[in-house]
Amino acid sequence: MTSSRSPVLNASRRATELSALADGAPLDVVVIGGGITGTGIALDAASRGLSVALVEKHDLAFGTSRWSSKLVHGGLRYLASGNVGIARRSAVERGILMTRNAPHLVSAMPQLVPLLPEMGGPARALVRAGFLAGDGLRRLAGTPASTLPRSRRVTAGRAAELVPAVRRDGLAGAFLAYDGQLIDDARLVTAVARTAAQHGARILTRVGASHATGTSVRLTDQCTGESFDVAARAVVNAAGVWAADVDETLRLRPSRGTHLVFDAAAFGHPTAALTIPIPGALNRFVFAMPEQLGRVYLGLTDEDAPGPIPDVPQPSPQEVTFLLDTVNTALATTLTAADVRGAYAGLRPLIDTAHARSETGTGAGSTADLSRDHAVTESPSGVISVIGGKLTEYRYMAEDVLDRAIALRGLTAGPCRTRDLPLVGAVGRVPADLPTSLVARYGAEAPHVVARARCDRPTAAVADGIDVTRAEFEYAVTHEGALTVDDILDRRTRIGLVEDDRNRALQVAKEFVDALVE
């Protein structure tokens with residue numbers, strides 16, 4: 001049996017802990033939602049000494065938390081719009097992630113803005129001023145230049161080395177700046193959840209929540225259909241774009257952000273993110289970012305997404321066209337829809353603020369203009385909800401929610417510890433002979449992934465040309481809470497972003513699920 005103070009998540013632990021809740025195990029806090037916000041709250045609560053259970057209807061990082069740009073933003077765009085508070089907080093939280101919480105999962109990403117003839121003097125001056133302001137934010141946040149280098153101007157030759165596919169005609173060099181890049185957003189969620197479990201939190205996927213009040217919630221095991229009620233001193237709604245399903249008094253205005261997935265070869269195997277200003281928009285860019293598995297992700301759109309919330313949002317044809325048209329302005333060759341290997345879209349859970357609502361009560365104006373700040377509310381029944389916000393600030397948001405819950409419910413808890421709390425994999429020695437891809441995904445846990453594997457050929461790739469090993473599939477099930485093939489392919493790894501890759505790795509994933517999930 002897995003210890004309640006272990007970072008291991010698997011089917012056996014889930015069954016044991018779900019049974020304990022059904023038998024009336026006492027709880028201080030129930031968290032609804034297994035994205036980055038919910039797992040962050042569970043970690044904060046457990047590390048303060050509170051008894052906590054997190055329930056998620058699907059899987060960890062099932063919703064918005066796996067559909068981001070994989071960036072840990074320093075808040076530069078918010079500074080440009082006058083929101084100094086969120087800009088500074090973003091820079092501070094980025095520094096915490098890069099130097100203390102998850103240095104194994106977040107690294108400095110070079111961002112290259114090519115100086116092409118279409119970019120006039122005022123636009124160049126604005127970009128340069130923005131990058132200098134970003135340097136100031138970094139210093140204000142206390143993040144050393146050794147972690148995030150200073151911005152600078154580079155020659156046309158250097159720009160072409162960093163992004164070989166960049167247009168050469170009229171290229172007058174480029175501005176180069178740095179921001180934080182996640183190896184993967186879903187892996188961050190998994191690391192936070194497992195760290196919460198290490199501190200005693202019950203992390204329960206495939207468990208739906210309904211009939212929530214300030215002190216109780218009905219849980220339904222999605223695997224068996226069994227339902228039961230649990231009592232807690234505080235119920236926290238962190239369901240993201242589905243938050244209004246828990247508290248119908250909430251008003252959200254989701255916006256859709258779409259990315260396209262390419263082979264890195266289409267961009268000449270870049271080592272920097274090609275960054276193209278969107279014409280007519282203040283401090284908004286399209287990014288072509290080098291990613292794991294030999295891919296480049298191109299994004300990001302910001303489109304209103306009214307109506308029912310789908311489990312898996314889909315990009316629109318207009319967004320695909322917009323992204324291709326924008327990036328092609330900076331490329332030596334033209335990319336077409338035939339070059340797109342995959343695509344994904346996520347919904348941002350933006351707050352539908354009163355000043356942005358029309359007389360009919362529906363959102364008005366561009367979603368790009370809505371605040372990325374968060375809010376903590378209490379429903380008439382006492383459910384505490386957190387809405388809005390952004391991935392970079394998940395730790396700060398969790399601290400804010402827990403401080404509010406402790407005050408409202410009179411909970412006895414220690415101070416917040418998460419500013420200096422390393423996530424699973426952040427601390428430890430990593431042998432030099434391990435594959436860089438394995439280390440990038442697991443940090444200090446990388447040697448254990450192989451050493452603890454019991455499968456045949458643990459270091460063999462799951463399919464030709466995919467740098468994910470059989471041991472990683474096994475680890476996803478035995479240590480990271482994966483219960484299904486989709487959990488492995490779509491969230492513990494990102495193989496599923498390209499359908500051809502998914503099909504080639506599908507049988508291997510089935511092999512591990514069938515053998516290891518009880």
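Definitions and cut-offs
- Residue numbering note: each chain is counted from 1, following its sequence as written.
- Restriction of local features to residues with pLDDT of at least 70 applies here, the model being predicted, together with a cutoff of 80 or more for giving and counting side-chain atom pairs; totals for whole chains, interfaces and linings are based on all residues.
- Each side-chain value is worked out from all heavy atoms of the structure, with water and hydrogens disregarded.
- Counting from the N terminus, the helices are the DSSP runs of H or I reaching at least four residues and the strands are the DSSP runs of E reaching at least two.
- In what follows, a contact means two residues having at least one pair of non-hydrogen atoms within 4.5 Å.
- Helix axes are fitted to C-alpha atoms over the stretch in contact, other axes to C-alpha atoms as well, and angles between N-to-C directions run from 0 to 180 degrees.
- We call a crossing left-handed when the near helix sits turned anticlockwise from the far one by less than a right angle, and right-handed when that turn is clockwise.
- The classification used treats Ala, Val, Leu, Ile, Met, Phe, Trp, Tyr, Cys and Pro as nonpolar, Asp, Glu, Lys and Arg as charged, and all other residues, Gly among them, as polar.
- Strand pairing is defined by DSSP finding a minimum of two bridges between the two strands.
- The length a helix should cover is 1.5 Å for every residue beyond the first.
- Axes are fitted to the seven residues ending at a residue and to the seven starting at it; the angle between these axes is taken as the bend at that residue.
- Only protein chains enter the accessibility calculation, which uses a 1.4 Å probe; a residue whose area is less than 20% of its type maximum is buried, one above 50% is exposed, and one in between is partly exposed.
- We call two N or O atoms a polar contact when they sit within 3.5 Å, provided that within protein one can donate a hydrogen and the other can accept it, with sequence-adjacent residues counted only if both atoms are side-chain atoms.
- Reported domain spans reflect what an automatic or database domain assignment gives.
- In short, buried area is how much 1.4 Å probe accessible area vanishes from two parts on joining, totalled over both.
- Think of a salt bridge as a Lys or Arg side-chain nitrogen and an Asp or Glu carboxyl oxygen that are within 4 Å of each other.
- Under this scheme an angle from 65 to 115 degrees is roughly perpendicular, one under 35 degrees roughly parallel, and one over 145 degrees roughly antiparallel; angles in between are oblique.
- UniProt positions are given in the numbering used here, feature names are shortened, and annotations may be inferred rather than shown by experiment.
- Throughout, the arc means the angular range of directions from the helix axis out to the C-beta atoms.
- Take the buried residues of types Ala, Val, Leu, Ile, Met, Phe, Trp, Tyr and Cys, join any two whose side-chain atoms come within 4.5 Å, and each joined set is a nonpolar core.

Colleague: I'd like to hear about the environment of V154, residue by residue, with values.
Modeller: With respect to the helices, strands and loops of the structure, V154 is situated in strand β5 (residues 152–154). Taking C-alpha positions, V154 is 9.4 Å from P114, a pair spaced 40 residues apart along the chain. In this view, V154 contacts L112, A159, G173, A174 and L176; residues no more than four positions away in its chain are not counted.

Colleague: Requested: an account of the packing of helix α4 (residues 84–101) against helix α5 (residues 121–141), with residues and values cited.
Modeller: Look at α4 against α5: their axes get within 8 Å of each other, and the N-to-C directions meet at 60°. Judged by the sense of rotation from one axis to the other, the crossing of α4 with α5 is right-handed. Contacts from A87, R88, A91, V92 and R94 in α4 reach L137, R138, L140 and A141 in α5. A breakdown of the residues in the contact of α4 with α5 according to their chemical character gives six nonpolar, no polar and three charged.

Colleague: Would you mind going over the sheet that holds strand β10 (residues 227–231) in detail, with residue names and values included?
Modeller: Read from one edge of the open sheet, three strands run β8-β9-β10, paired in antiparallel fashion. Only two strands of the sheet have a single neighbouring strand rather than two, namely β8 (207–210) and β10. Neighbouring strand axes in the sheet, compared pairwise and without regard to direction, differ in orientation by 35° on average. Of the strand pairs in this sheet, strand β9 (residues 216–221) and β10 are connected by five bridges, and their pairing is antiparallel. Counterpart to S216 in the pairing with β10 is A231. Sitting on the sheet, helix α1 (residues 11–22) is in contact with β8, β9 and β10, with an inclination near 70° to β10.

Colleague: Could you give me a rundown of helix α15 (residues 499–516), with the residues and numbers involved?
Modeller: Between its first and last C-alpha, α15 extends 25 Å over 18 residues, near the 26 Å set by a 1.5 Å rise per residue. The principal kink in α15, of about 45°, is found at A505. What α15 keeps buried is the set D501, R502, A505, V508, A509, F512 and V513. In the core, the buried residues of α15 are packed alongside β15 (295–299), β20 (461–463), β21 (466–469), α13 (470–478) and α14 (485–492).

Colleague: Describe the side chain of R206, listing the residues and the values that go with them.
Modeller: One can find R206 in the loop between β7 (202–205) and β8. One polar contact links R206 to T484, side chain to side chain, over a distance of 3.2 Å.

Colleague: Explain the domain arrangement of the chain to me, using residue names and the numbers behind them.
Modeller: Entries for the chain in the domain assignment read domain 1 (9–63 + 184–247 + 360–418), domain 2 (99–181 + 251–349) and domain 3 (434–513). For domain 1 versus domain 2, the separation of C-alpha centres amounts to 31 Å. With 22 residues of domain 1 in contact, the opposing surface of domain 2 contributes 18 residues. Of the roughly 1,600 Å² buried between domain 1 and domain 2 on both sides combined, carbon and sulfur atoms contribute 57%. Taken together, the connections running from domain 1 to domain 2 amount to zero salt bridges.

Colleague: Give me the packing of α14 against α15: which residues, what numbers.
Modeller: Relative to each other, α14 and α15 sit at 130°, their axes nearing to 8 Å. What the angle tells us is that α14 and α15 run oblique. Pair α14 / α15 crosses with right-handed handedness. Each of V485, D486, I488, L489 and D490 in α14 lies in contact with α15, whose residues at this interface are R502, A505, L506, A509, K510 and V513.

Colleague: Which residues make up the UniProt feature "domain: Alpha-glycerophosphate oxidase C-terminal" (unreviewed entry) in the chain, and what are the values?
Modeller: The UniProt record annotates "domain: Alpha-glycerophosphate oxidase C-terminal" (unreviewed entry) at residues 416–514. In residues 416–514, helix accounts for 46% and strand for 7%; the two terminal C-alpha atoms are 40 Å from one another.

Colleague: Run through helix α10 (residues 394–409), naming residues and quoting values.
Modeller: Compared with an ideal rise of 1.5 Å per residue, which puts 16 residues at 22 Å, α10 spans 22 Å between its outermost C-alpha atoms and is within 8% of the ideal. Burial in α10 covers these residues: Y394, R395, M397, A398, V401, L402, A405, I406 and R409. For α10, the angular spread of the buried residues around the axis is 165°, confining them to a single face. Positive backbone phi, at 65°, marks G410, one or two positions downstream of α10.

Colleague: Lay out the nonpolar core in plain terms, naming residues and giving numbers.
Modeller: Of all hydrophobic cores here, the largest spans 81 residues; its most connected members are I41, L112, L188, I203, F267 and L274. Top element by residues in this core is helix α7 (residues 185–198). It accounts for eight residues. Leave out the neighbours within four places in its chain, and L188 touches I36, L97, A102, L105, L182, L391, Y394 and L423. Membership of the second largest hydrophobic core comes to 27 residues, among which are L434, F473, A482 and A505.

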